[in-house]
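# Observations on the three-dimensional arrangement
What follows is each chain in one-letter form.
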Amino acid sequence: AMLLSSPTEKLMSSFEINKPKSDGKNSWFELKPKNQSGYQWIRIYFANGKLNKMQIADNLGQKSEIKFSNIKFNTKIPAKMFVFTPPPGTDVFEGF
């Protein structure tokens, strides 16, 4: 979420961002962490100017791909979507 919502300045201070690459219809950026983290690089892909997918390579060589579809911008989300009710029997610690 930080990658997709942070100001550019914050991303630039945390990552080395390579110039965008393109294959004609798709373009992508590769981000490499400036400090030690759990991953080697992150690639953010755009198709026709819209976010399409992310690929992440961790420090163990594992690669993950997240594809985005049906993206909606600036939609209103009801507050009830953010209410969490713990299941019965769950220990709840309050006041932290």
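An account of the accompanying structure is given in this report. Every value quoted in this text rests on a predicted model; they were computed, and no experiment measured them.

What follows is about the pattern of salt bridges. With the rule as written, the count across this model stands at four salt bridges. For Glu-30, the salt bridge identified is with Lys-32, shortest N-O distance 3.8 Å. In this structure Glu-30 comes out as buried when scored by relative accessible area, which is 10%. Judged by its relative accessible area of 34%, Lys-32 falls in the partly exposed class. The salt bridge partner of Glu-65 is Lys-53, with a shortest N-O separation of 3.6 Å. Residue Glu-65 is located in strand E6 (residues 63–67), and its partner Lys-53 is located in strand E5 (residues 50–58); the two are separated by twelve residues in the primary sequence. The class for Glu-65 is partly exposed, based on a relative accessible area of 40%. On the basis of relative accessible area, Lys-53 is assigned to the buried category, the value being 19%. Connected through salt bridges with shared partners, the residues Glu-30, Lys-32 and Arg-43 form a single ionic network.

Rules of the game
Residues numbered from 1 in each chain as written. Predicted model: local features only at pLDDT ≥ 70, side-chain atom pairs only at ≥ 80, totals over all residues. Heavy atoms only, no water. Salt bridge = Lys/Arg side-chain N within 4 Å of Asp/Glu carboxyl O. Buried < 20%, exposed > 50% of the residue type's maximum accessible area, 1.4 Å probe, protein only. Helix = DSSP H or I, 4+ residues; strand = E, 2+ residues; numbered from the N terminus.

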